[in-house]
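Take a look at the letters that make up each chain.
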Amino acid sequence: MKHCILVTGGAGFIGSNFVLDWLAQSQQSVINLDKLSYAGNLQNLASLQGDARHVFVHGDIGDSDLVAKLLSTHQPRAVVNFAAESHVDRSIHGPEAFVQNNIVGTFRLLEAVRSYWQTMDVEGRAAFRFLHVSTDEVYGSLAPDEPAFTEQHPFEPNSPYSASKAASDHLVRAWHHTYGLPVLTTNCSNNYGPLHFPEKLIPLVIVNALALKPLPVYGDGQQIRDWLYVKDHCSAIRRVLQAGRVGETYNIGGWNEQANLSIVRTICELLDRMAPRADGKPYQEQITFVTDRPGHDRRYAIDARKVEQELGWKPQETFESGIAKTVQWYLDNQDWVAHVQSGAYRDWVHTQYGAAIAQGQAGAA
Ligand code: NAD
Ligand code: DAU
(Lines give C-alpha, C1' and ligand atoms only; values in the text may rest on other atoms or scores of the structure.)
(Ligands and ions follow the chains in the order given, each with its own letter.)
Protein backbone atom coordinates (compact mmCIF):
# COMPACT_ATOMS: atom_id res chain seq x y z
CA MET A 1 0.00 0.00 0.00
CA LYS A 2 1.92 3.06 -1.21
CA HIS A 3 2.40 5.99 1.13
CA CYS A 4 0.54 4.53 4.07
CA ILE A 5 1.38 5.06 7.72
CA LEU A 6 1.36 2.49 10.51
CA VAL A 7 -0.47 3.70 13.62
CA THR A 8 -0.21 1.67 16.82
CA GLY A 9 -2.85 1.93 19.56
CA GLY A 10 -5.29 3.42 17.06
CA ALA A 11 -8.38 1.98 18.78
CA GLY A 12 -7.74 3.90 21.99
CA PHE A 13 -8.81 7.43 22.89
CA ILE A 14 -6.20 9.59 21.17
CA GLY A 15 -5.24 7.02 18.54
CA SER A 16 -8.81 6.65 17.24
CA ASN A 17 -9.28 10.43 17.13
CA PHE A 18 -5.99 10.61 15.22
CA VAL A 19 -6.99 7.92 12.70
CA LEU A 20 -10.39 9.54 12.09
CA ASP A 21 -8.85 12.99 11.61
CA TRP A 22 -6.04 11.64 9.43
CA LEU A 23 -8.41 9.91 7.02
CA ALA A 24 -10.65 12.98 6.92
CA GLN A 25 -7.72 15.03 5.60
CA SER A 26 -5.38 12.67 3.77
CA GLN A 27 -5.48 10.09 1.02
CA GLN A 28 -2.69 8.17 2.73
CA SER A 29 -3.99 4.92 4.19
CA VAL A 30 -3.63 3.82 7.78
CA ILE A 31 -2.57 0.40 8.99
CA ASN A 32 -3.90 0.34 12.55
CA LEU A 33 -2.24 -2.15 14.92
CA ASP A 34 -3.94 -2.44 18.30
CA LYS A 35 -4.08 -5.28 20.80
CA LEU A 36 -7.58 -4.22 21.95
CA SER A 37 -6.84 -4.08 25.65
CA TYR A 38 -9.77 -2.96 27.82
CA ALA A 39 -9.05 0.59 26.52
CA GLY A 40 -9.13 -0.33 22.84
CA ASN A 41 -12.56 -0.01 21.28
CA LEU A 42 -13.19 -0.69 17.60
CA GLN A 43 -16.55 0.99 17.90
CA ASN A 44 -14.58 4.25 17.95
CA LEU A 45 -13.76 3.52 14.31
CA ALA A 46 -17.17 2.28 13.21
CA SER A 47 -17.55 5.18 10.76
CA LEU A 48 -14.62 3.73 8.79
CA GLN A 49 -16.42 0.45 8.12
CA GLY A 50 -15.93 -0.39 4.43
CA ASP A 51 -13.26 2.29 3.93
CA ALA A 52 -10.37 0.53 2.19
CA ARG A 53 -7.95 3.21 3.42
CA HIS A 54 -8.20 1.79 6.96
CA VAL A 55 -6.76 -1.64 7.66
CA PHE A 56 -7.22 -2.79 11.22
CA VAL A 57 -4.88 -5.43 12.58
CA HIS A 58 -5.50 -6.99 15.96
CA GLY A 59 -2.10 -7.52 17.53
CA ASP A 60 0.64 -6.46 19.90
CA ILE A 61 3.52 -4.06 19.19
CA GLY A 62 5.64 -6.58 21.10
CA ASP A 63 4.91 -9.30 18.53
CA SER A 64 8.08 -8.88 16.46
CA ASP A 65 7.06 -11.32 13.72
CA LEU A 66 3.68 -9.69 13.21
CA VAL A 67 5.16 -6.18 13.11
CA ALA A 68 7.91 -7.28 10.68
CA LYS A 69 5.30 -8.83 8.41
CA LEU A 70 3.12 -5.71 8.50
CA LEU A 71 6.06 -3.46 7.69
CA SER A 72 7.28 -5.55 4.76
CA THR A 73 3.77 -6.06 3.38
CA HIS A 74 2.53 -2.47 3.60
CA GLN A 75 5.83 -0.51 3.39
CA PRO A 76 4.67 2.45 5.51
CA ARG A 77 6.50 5.75 5.19
CA ALA A 78 6.04 6.41 8.93
CA VAL A 79 5.08 4.77 12.22
CA VAL A 80 3.10 6.71 14.84
CA ASN A 81 3.28 4.94 18.19
CA PHE A 82 0.32 5.57 20.51
CA ALA A 83 0.17 2.01 21.91
CA ALA A 84 0.59 2.01 25.68
CA GLU A 85 -1.09 1.35 28.97
CA SER A 86 -2.13 4.89 29.87
CA HIS A 87 -3.92 5.07 33.23
CA VAL A 88 -1.85 6.17 36.24
CA ASP A 89 -4.17 4.56 38.82
CA ARG A 90 -4.00 1.20 37.06
CA SER A 91 -0.20 1.46 37.01
CA ILE A 92 -0.22 1.82 40.78
CA HIS A 93 -2.33 -1.31 41.22
CA GLY A 94 -0.52 -3.37 38.57
CA PRO A 95 2.74 -1.95 37.20
CA GLU A 96 3.85 -5.05 35.29
CA ALA A 97 1.55 -4.47 32.31
CA PHE A 98 3.12 -1.01 31.99
CA VAL A 99 6.65 -2.39 31.91
CA GLN A 100 5.60 -5.02 29.39
CA ASN A 101 3.56 -2.89 26.99
CA ASN A 102 5.24 0.49 27.31
CA ILE A 103 8.88 -0.50 27.69
CA VAL A 104 9.29 -4.00 26.23
CA GLY A 105 6.63 -3.25 23.61
CA THR A 106 8.35 -0.07 22.46
CA PHE A 107 11.73 -1.83 22.42
CA ARG A 108 10.43 -4.63 20.18
CA LEU A 109 8.63 -2.16 17.93
CA LEU A 110 11.82 -0.10 17.56
CA GLU A 111 13.82 -3.19 16.65
CA ALA A 112 11.30 -4.32 14.04
CA VAL A 113 11.16 -0.81 12.59
CA ARG A 114 14.97 -0.54 12.55
CA SER A 115 15.27 -3.78 10.55
CA TYR A 116 12.64 -2.58 8.08
CA TRP A 117 14.20 0.88 7.79
CA GLN A 118 17.59 -0.63 7.02
CA THR A 119 16.14 -2.44 4.01
CA MET A 120 14.91 0.83 2.45
CA ASP A 121 16.79 2.70 -0.27
CA VAL A 122 18.64 5.91 0.62
CA GLU A 123 15.71 8.13 -0.29
CA GLY A 124 13.20 6.01 1.63
CA ARG A 125 15.45 5.91 4.71
CA ALA A 126 15.82 9.69 4.70
CA ALA A 127 12.07 10.28 4.38
CA PHE A 128 10.99 7.67 6.95
CA ARG A 129 9.82 8.79 10.43
CA PHE A 130 9.12 7.00 13.71
CA LEU A 131 6.96 9.32 15.84
CA HIS A 132 6.65 8.34 19.49
CA VAL A 133 3.68 9.81 21.37
CA SER A 134 4.58 10.54 24.98
CA THR A 135 3.48 12.53 27.98
CA ASP A 136 4.38 15.53 30.12
CA GLU A 137 4.37 13.18 33.13
CA VAL A 138 7.94 12.08 32.33
CA TYR A 139 9.11 15.46 33.69
CA GLY A 140 7.68 14.89 37.17
CA SER A 141 5.83 17.43 39.30
CA LEU A 142 6.17 21.24 39.42
CA ALA A 143 6.05 23.53 42.46
CA PRO A 144 3.41 26.30 42.18
CA ASP A 145 5.93 28.98 41.18
CA GLU A 146 8.14 26.89 38.86
CA PRO A 147 8.16 27.64 35.12
CA ALA A 148 6.36 25.21 32.80
CA PHE A 149 8.20 22.16 31.44
CA THR A 150 10.45 22.88 28.48
CA GLU A 151 12.01 20.10 26.39
CA GLN A 152 15.19 20.58 28.46
CA HIS A 153 13.52 19.76 31.78
CA PRO A 154 15.10 16.69 33.43
CA PHE A 155 13.11 13.47 33.50
CA GLU A 156 11.77 12.86 37.03
CA PRO A 157 8.90 10.38 36.59
CA ASN A 158 7.03 9.55 39.79
CA SER A 159 4.47 6.84 38.93
CA PRO A 160 4.96 3.41 37.38
CA TYR A 161 3.11 4.78 34.33
CA SER A 162 5.31 7.84 33.89
CA ALA A 163 8.47 5.82 34.61
CA SER A 164 7.49 3.36 31.87
CA LYS A 165 6.82 6.20 29.42
CA ALA A 166 10.14 7.86 30.35
CA ALA A 167 11.93 4.57 29.69
CA SER A 168 10.29 4.27 26.29
CA ASP A 169 11.25 7.88 25.45
CA HIS A 170 14.86 7.04 26.32
CA LEU A 171 14.79 3.97 24.08
CA VAL A 172 13.48 6.04 21.18
CA ARG A 173 16.20 8.64 21.73
CA ALA A 174 18.89 5.96 21.88
CA TRP A 175 17.69 4.27 18.66
CA HIS A 176 18.22 7.60 16.92
CA HIS A 177 21.56 8.36 18.53
CA THR A 178 23.03 4.89 18.08
CA TYR A 179 21.39 3.56 14.91
CA GLY A 180 20.35 6.77 13.17
CA LEU A 181 16.64 5.83 13.12
CA PRO A 182 14.77 9.04 12.14
CA VAL A 183 12.66 9.54 15.26
CA LEU A 184 10.45 12.31 16.62
CA THR A 185 8.98 12.42 20.14
CA THR A 186 6.03 14.46 21.37
CA ASN A 187 5.37 15.04 25.09
CA CYS A 188 1.81 16.20 25.56
CA SER A 189 -0.27 17.37 28.49
CA ASN A 190 -3.68 15.98 29.56
CA ASN A 191 -6.08 15.40 26.66
CA TYR A 192 -9.86 15.49 26.79
CA GLY A 193 -12.61 15.15 24.20
CA PRO A 194 -14.77 12.55 22.41
CA LEU A 195 -14.10 8.81 22.82
CA HIS A 196 -12.29 9.23 26.15
CA PHE A 197 -12.55 6.08 28.27
CA PRO A 198 -14.58 6.91 31.39
CA GLU A 199 -11.89 5.93 33.89
CA LYS A 200 -10.13 9.29 33.41
CA LEU A 201 -11.24 12.41 35.30
CA ILE A 202 -13.24 14.36 32.70
CA PRO A 203 -15.31 11.54 31.14
CA LEU A 204 -15.74 9.90 34.56
CA VAL A 205 -17.21 13.08 36.01
CA ILE A 206 -19.60 13.59 33.07
CA VAL A 207 -20.77 9.98 33.12
CA ASN A 208 -21.12 9.75 36.91
CA ALA A 209 -22.91 13.07 37.11
CA LEU A 210 -25.56 11.95 34.61
CA ALA A 211 -25.96 8.68 36.51
CA LEU A 212 -26.40 10.67 39.76
CA LYS A 213 -23.32 8.94 41.22
CA PRO A 214 -20.58 10.52 43.37
CA LEU A 215 -17.96 12.64 41.58
CA PRO A 216 -14.68 11.46 43.18
CA VAL A 217 -12.10 14.19 43.75
CA TYR A 218 -8.72 12.96 45.02
CA GLY A 219 -7.28 14.68 48.11
CA ASP A 220 -7.96 18.43 48.19
CA GLY A 221 -8.67 18.67 44.44
CA GLN A 222 -6.00 21.37 44.04
CA GLN A 223 -3.70 19.31 41.79
CA ILE A 224 -3.11 21.15 38.54
CA ARG A 225 -3.18 19.69 35.03
CA ASP A 226 -2.72 21.45 31.66
CA TRP A 227 -5.67 20.43 29.46
CA LEU A 228 -5.67 20.16 25.66
CA TYR A 229 -8.58 19.19 23.38
CA VAL A 230 -7.71 15.86 21.74
CA LYS A 231 -8.18 17.12 18.16
CA ASP A 232 -5.54 19.78 18.86
CA HIS A 233 -3.14 17.10 20.04
CA CYS A 234 -3.84 15.21 16.80
CA SER A 235 -3.12 18.29 14.67
CA ALA A 236 0.14 18.82 16.56
CA ILE A 237 1.21 15.24 15.85
CA ARG A 238 0.41 15.66 12.16
CA ARG A 239 2.46 18.86 12.06
CA VAL A 240 5.45 17.33 13.88
CA LEU A 241 5.31 14.33 11.55
CA GLN A 242 5.28 16.66 8.56
CA ALA A 243 7.95 19.16 9.58
CA GLY A 244 9.56 18.22 12.90
CA ARG A 245 13.35 18.00 12.98
CA VAL A 246 14.62 14.44 13.22
CA GLY A 247 15.81 13.46 16.69
CA GLU A 248 13.97 16.33 18.37
CA THR A 249 11.30 16.25 21.05
CA TYR A 250 8.35 18.65 21.01
CA ASN A 251 6.22 19.56 24.03
CA ILE A 252 2.51 19.90 23.17
CA GLY A 253 0.09 21.80 25.40
CA GLY A 254 -2.69 24.33 25.46
CA TRP A 255 -1.44 26.85 28.08
CA ASN A 256 -4.45 25.86 30.12
CA GLU A 257 -3.57 25.01 33.71
CA GLN A 258 -6.50 24.24 35.95
CA ALA A 259 -7.04 22.65 39.35
CA ASN A 260 -9.03 19.41 39.29
CA LEU A 261 -11.78 20.81 41.50
CA SER A 262 -12.25 23.70 39.11
CA ILE A 263 -12.57 21.25 36.17
CA VAL A 264 -15.19 19.25 38.05
CA ARG A 265 -17.15 22.40 38.92
CA THR A 266 -17.06 23.61 35.32
CA ILE A 267 -18.49 20.29 34.10
CA CYS A 268 -21.22 20.46 36.76
CA GLU A 269 -22.18 23.98 35.69
CA LEU A 270 -22.33 22.97 32.03
CA LEU A 271 -24.51 19.98 32.86
CA ASP A 272 -26.80 22.17 35.00
CA ARG A 273 -27.51 24.11 31.80
CA MET A 274 -27.35 21.35 29.18
CA ALA A 275 -28.99 18.45 31.06
CA PRO A 276 -30.44 19.70 34.37
CA ARG A 277 -31.16 17.18 37.11
CA ALA A 278 -34.80 16.16 37.33
CA ASP A 279 -34.91 17.34 40.95
CA GLY A 280 -33.53 20.75 39.94
CA LYS A 281 -30.55 20.45 42.29
CA PRO A 282 -27.01 21.34 41.12
CA TYR A 283 -24.66 18.53 40.05
CA GLN A 284 -22.02 19.97 42.40
CA GLU A 285 -23.94 18.28 45.23
CA GLN A 286 -22.46 15.00 43.97
CA ILE A 287 -18.81 16.09 44.48
CA THR A 288 -17.16 13.70 46.94
CA PHE A 289 -13.62 14.09 48.28
CA VAL A 290 -11.87 10.70 48.39
CA THR A 291 -8.45 9.37 49.44
CA ASP A 292 -5.65 10.83 47.36
CA ARG A 293 -3.72 8.89 44.69
CA PRO A 294 -0.40 7.61 46.16
CA GLY A 295 2.54 9.72 44.95
CA HIS A 296 0.09 12.10 43.26
CA ASP A 297 1.92 14.70 41.14
CA ARG A 298 0.85 18.18 42.23
CA ARG A 299 1.24 20.19 39.05
CA TYR A 300 2.00 19.77 35.35
CA ALA A 301 2.39 22.64 32.89
CA ILE A 302 3.72 22.57 29.34
CA ASP A 303 5.80 25.27 27.71
CA ALA A 304 4.69 24.82 24.08
CA ARG A 305 6.78 27.59 22.55
CA LYS A 306 9.04 25.27 20.56
CA VAL A 307 6.25 23.62 18.55
CA GLU A 308 4.49 26.97 18.17
CA GLN A 309 7.52 28.97 17.02
CA GLU A 310 9.35 26.30 15.01
CA LEU A 311 6.37 24.59 13.39
CA GLY A 312 3.64 27.23 13.60
CA TRP A 313 1.22 24.94 15.46
CA LYS A 314 -1.51 26.45 17.64
CA PRO A 315 -4.53 24.82 19.31
CA GLN A 316 -7.90 25.64 17.75
CA GLU A 317 -10.03 25.18 20.85
CA THR A 318 -10.07 27.18 24.05
CA PHE A 319 -10.87 25.18 27.17
CA GLU A 320 -14.34 26.76 27.21
CA SER A 321 -15.16 25.67 23.66
CA GLY A 322 -13.49 22.26 24.01
CA ILE A 323 -15.16 21.28 27.26
CA ALA A 324 -18.60 22.36 25.99
CA LYS A 325 -18.10 20.20 22.87
CA THR A 326 -16.96 17.32 25.04
CA VAL A 327 -19.96 17.45 27.38
CA GLN A 328 -22.26 17.66 24.35
CA TRP A 329 -20.54 14.62 22.78
CA TYR A 330 -21.17 12.54 25.90
CA LEU A 331 -24.81 13.68 26.01
CA ASP A 332 -25.20 12.68 22.35
CA ASN A 333 -23.38 9.36 22.67
CA GLN A 334 -24.83 7.68 25.72
CA ASP A 335 -24.99 4.37 23.81
CA TRP A 336 -21.21 4.47 23.42
CA VAL A 337 -20.87 5.02 27.17
CA ALA A 338 -23.33 2.21 27.95
CA HIS A 339 -21.42 -0.20 25.69
CA VAL A 340 -18.12 0.69 27.29
CA GLN A 341 -19.49 0.34 30.80
CA SER A 342 -21.15 -2.99 30.14
CA GLY A 343 -18.15 -4.32 28.24
CA ALA A 344 -20.49 -4.85 25.28
CA TYR A 345 -17.99 -3.22 22.93
CA ARG A 346 -15.89 -6.37 23.28
CA ASP A 347 -18.78 -8.55 22.08
CA TRP A 348 -19.29 -6.02 19.31
CA VAL A 349 -15.82 -6.82 17.95
CA HIS A 350 -16.95 -10.43 17.46
CA THR A 351 -20.33 -9.45 16.05
CA GLN A 352 -18.96 -6.88 13.66
CA TYR A 353 -15.67 -8.42 12.60
CA GLY A 354 -16.01 -12.10 13.40
CA ALA A 355 -13.54 -14.55 14.81
CA ALA A 356 -10.66 -13.60 12.48
CA ILE A 357 -10.14 -10.16 14.03
CA ALA A 358 -10.94 -11.42 17.49
CA GLN A 359 -8.18 -14.04 17.16
CA GLY A 360 -5.57 -11.67 15.83
CA GLN A 361 -5.62 -11.92 12.06
CA ALA A 362 -5.35 -8.89 9.82
CA GLY A 363 -8.34 -7.49 7.97
CA ALA A 364 -9.96 -4.28 6.82
CA ALA A 365 -12.25 -2.61 9.32
P1 NAD B 1 -5.71 4.60 25.73
O2 NAD B 1 -5.44 3.78 26.94
O3 NAD B 1 -7.06 5.18 25.53
O4 NAD B 1 -5.38 3.75 24.42
C5 NAD B 1 -4.23 2.97 24.31
C6 NAD B 1 -4.43 2.02 23.13
O7 NAD B 1 -3.23 1.27 22.96
C8 NAD B 1 -5.56 1.01 23.36
O9 NAD B 1 -6.36 0.91 22.20
C10 NAD B 1 -4.83 -0.30 23.61
O11 NAD B 1 -5.57 -1.45 23.19
C12 NAD B 1 -3.56 -0.11 22.79
N13 NAD B 1 -2.41 -0.89 23.29
C14 NAD B 1 -1.92 -0.94 24.54
N15 NAD B 1 -0.84 -1.75 24.58
C16 NAD B 1 -0.65 -2.23 23.33
C17 NAD B 1 0.29 -3.10 22.72
N18 NAD B 1 1.25 -3.67 23.45
N19 NAD B 1 0.20 -3.36 21.41
C20 NAD B 1 -0.80 -2.79 20.66
N21 NAD B 1 -1.74 -1.96 21.18
C22 NAD B 1 -1.65 -1.67 22.49
O23 NAD B 1 -4.58 5.72 25.74
P24 NAD B 1 -4.63 7.22 25.19
O25 NAD B 1 -5.10 8.10 26.26
O26 NAD B 1 -5.27 7.23 23.87
O27 NAD B 1 -3.06 7.48 25.02
C28 NAD B 1 -2.39 7.15 23.80
C29 NAD B 1 -0.93 7.49 23.94
O30 NAD B 1 -0.79 8.88 24.21
C31 NAD B 1 -0.22 6.77 25.08
O32 NAD B 1 1.07 6.43 24.64
C33 NAD B 1 -0.16 7.80 26.19
O34 NAD B 1 0.96 7.58 27.02
C35 NAD B 1 -0.03 9.07 25.41
N36 NAD B 1 -0.55 10.29 26.04
C37 NAD B 1 -1.82 10.32 26.55
C38 NAD B 1 -2.31 11.49 27.10
C39 NAD B 1 -3.72 11.58 27.65
O40 NAD B 1 -4.08 12.60 28.23
N41 NAD B 1 -4.57 10.58 27.47
C42 NAD B 1 -1.52 12.64 27.13
C43 NAD B 1 -0.21 12.57 26.62
C44 NAD B 1 0.25 11.39 26.06
O1 DAU C 1 -0.48 14.48 31.66
C2 DAU C 1 -0.75 13.57 30.64
C3 DAU C 1 -1.38 12.33 31.23
O4 DAU C 1 -2.71 12.66 31.55
C5 DAU C 1 -1.33 11.13 30.30
O6 DAU C 1 0.01 10.78 30.08
C7 DAU C 1 -2.09 9.94 30.91
O8 DAU C 1 -2.12 8.87 29.99
C9 DAU C 1 -3.51 10.40 31.20
O10 DAU C 1 -4.22 9.34 31.82
C11 DAU C 1 -3.50 11.62 32.10
O12 DAU C 1 -3.00 11.29 33.42
P13 DAU C 1 -3.68 11.89 34.73
O14 DAU C 1 -3.34 11.00 35.87
O15 DAU C 1 -3.36 13.34 34.87
O16 DAU C 1 -5.24 11.76 34.30
P17 DAU C 1 -6.52 11.34 35.14
O18 DAU C 1 -7.71 11.70 34.28
O19 DAU C 1 -6.44 9.95 35.65
O20 DAU C 1 -6.49 12.34 36.37
C21 DAU C 1 -6.50 13.75 36.18
C22 DAU C 1 -6.38 14.38 37.54
O23 DAU C 1 -7.63 14.14 38.24
C24 DAU C 1 -5.30 13.78 38.41
O25 DAU C 1 -4.75 14.82 39.20
C26 DAU C 1 -6.03 12.79 39.28
C27 DAU C 1 -7.40 13.41 39.45
N28 DAU C 1 -8.53 12.47 39.59
C29 DAU C 1 -8.62 11.45 38.70
C30 DAU C 1 -9.66 10.55 38.78
C31 DAU C 1 -9.77 9.39 37.81
C32 DAU C 1 -9.47 12.67 40.57
O33 DAU C 1 -9.39 13.62 41.37
N34 DAU C 1 -10.50 11.79 40.66
C35 DAU C 1 -10.63 10.72 39.81
O36 DAU C 1 -11.59 9.92 39.97
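Read on for a plain summary of the structure. What you see is a predicted model, and the numbers here were worked out from it, not measured in a lab.

## A look at the overall build of the chain
Along the chain, the regular secondary structure elements total 13 helices and 13 strands. Across the 365 residues that make up the chain, the buried fraction comes to 55%. Pairs at least 24 apart in sequence give 81% of the contacts found in the chain among residues at least 6 apart. Entry remark: accessible area of the chain is about 15,200 Å², with carbon and sulfur atoms responsible for 51%. Between the mean site of the 31 positive side-chain charges and the mean site of the 39 negative ones, the chain shows a separation of 4 Å.

## What to know about the sheet that holds strand 9 (residues 224-229)
Pairing is mixed across the open sheet formed by 3 strands, whose spatial order is 7-9-11. The sheet terminates laterally at strand 7 (190-192) and strand 11 (257-259), the two strands that pair on one side only. The sheet shows a mean angle of 50° between the axes of neighbouring strands, taken without regard to direction. By the bridge criterion, 3 bridges tie strand 9 to strand 11 in an arrangement that is antiparallel. If you follow Asp226 over to strand 11, its bridge partner there is Glu257. Each of strand 7 and strand 9 touches helix 8 (residues 230-243); the most contacted strand, strand 9, lies at about 75° to it.

## Topic: unusual backbone geometry
The backbone of Gln75 sits at a positive phi, close to 50°, despite the residue not being glycine. Mapping Gln75 onto the fold places it in the loop between helix 2 (64-74) and strand 4 (78-81). By relative accessible area, Gln75 is classed as partly exposed at 45%. Backbone geometry at Leu212 places phi at a positive 60°, although glycine is not the residue there. Position of Leu212 relative to the elements: it lies in the loop between helix 7 (201-210) and strand 8 (215-218). Taking the relative accessible area as the measure of exposure, Leu212 reaches 56% and is therefore exposed.

## Re the site of ligand 1
Surveying the vicinity of ligand 1 reveals 28 residues, the closest of which are Ile14, Asp34, Ser86, Tyr161 and Lys165. Notes on ligand 1: free accessible area 840 Å², of which the protein chains cover 96%. Sorting the residues of the shell around ligand 1 by element identifies helix 1 (13-25), strand 5 (129-135), helix 6 (160-179) and strand 7 as the ones contributing at least two each. Here the element with the most residues in the shell around ligand 1 is strand 5; it accounts for 3 residues. Along the lines of polarity and charge, the residues of the shell around ligand 1 split into 12 nonpolar, 12 polar and 4 charged.

## A few points about the pairing of strand 5
Two faces belong to every sheet, and in a regular strand the side chains alternate between them. Of all 7 residues in strand 5, 7 are buried; the element is thus mostly enclosed. In strand 5, alternate side chains face the same way, and those of Arg129, Leu131, Val133 and Thr135 on one face and Phe130, His132 and Ser134 on the other are all buried. Bridge analysis of strand 4 against strand 5 gives 4 bridges, and the strand direction is parallel. If you follow Val80 over to strand 5, its bridge partner there is Leu131. As defined by bridge partners, strand 5 adjoins strand 6 (residues 183-188) across 6 bridges and the pair is classed as parallel. Bridge pairing in strand 6 places Ser134 opposite Asn187. A crossover links strand 5 with its parallel partner strand 6, the connecting element being helix 6, and its sense is right-handed.

Reading the values: rules and limits
- Within each chain, residue numbers correspond to sequence positions counted from 1 in written order.
- Chain letters start at A and ligand numbers start at 1, both assigned in the order the entries are written.
- It should be noted that, the model being predicted, local features are given only for residues of pLDDT at least 70 and side-chain atom pairs only at 80 or more, the latter also being counted only at that level, while totals for whole chains, interfaces and linings use all residues.
- Here the side-chain values reflect all heavy atoms present in the structure, with hydrogen atoms and water set aside.
- For the purposes of this entry, the term helix denotes a DSSP run of H or I that reaches at least four residues, the term strand denotes a run of E that reaches at least two, and both are numbered from the N terminus.
- Three exposure classes are used, based on accessible area relative to the maximum for each residue type with a 1.4 Å probe and protein chains only: buried under 20%, partly exposed in between, and exposed over 50%.
- Residues are treated as being in contact if the distance between any of their heavy atoms lies within 4.5 Å.
- Computed by Shrake-Rupley with a 1.4 Å probe, the accessible areas treat only the displayed protein chains as cover when residues are assessed.
- Charge convention: Lys and Arg are scored as positive, Asp and Glu as negative, and His as well as the terminal groups of each chain are ignored.
- The location of each charge is read from NZ of Lys, CZ of Arg, CG of Asp or CD of Glu.
- Strands are treated as partners if at least two bridges between them are detected by DSSP.
- Working convention: axes come from line fits to C-alpha atoms, limited for helices to the stretch in contact. Angles between N-to-C directions cover 0 to 180 degrees.
- Any residue with a non-hydrogen atom lying within 4 Å of a molecule or strand is treated as near it.
- Side-chain classes are defined by residue name, with Ala, Val, Leu, Ile, Met, Phe, Trp, Tyr, Cys and Pro counting as nonpolar, Asp, Glu, Lys and Arg as charged, and the others, Gly among them, as polar.
- By convention, a crossover is right-handed whenever its connection, traced from the first strand over the helix to the second and viewed with the strands pointing away, goes clockwise.

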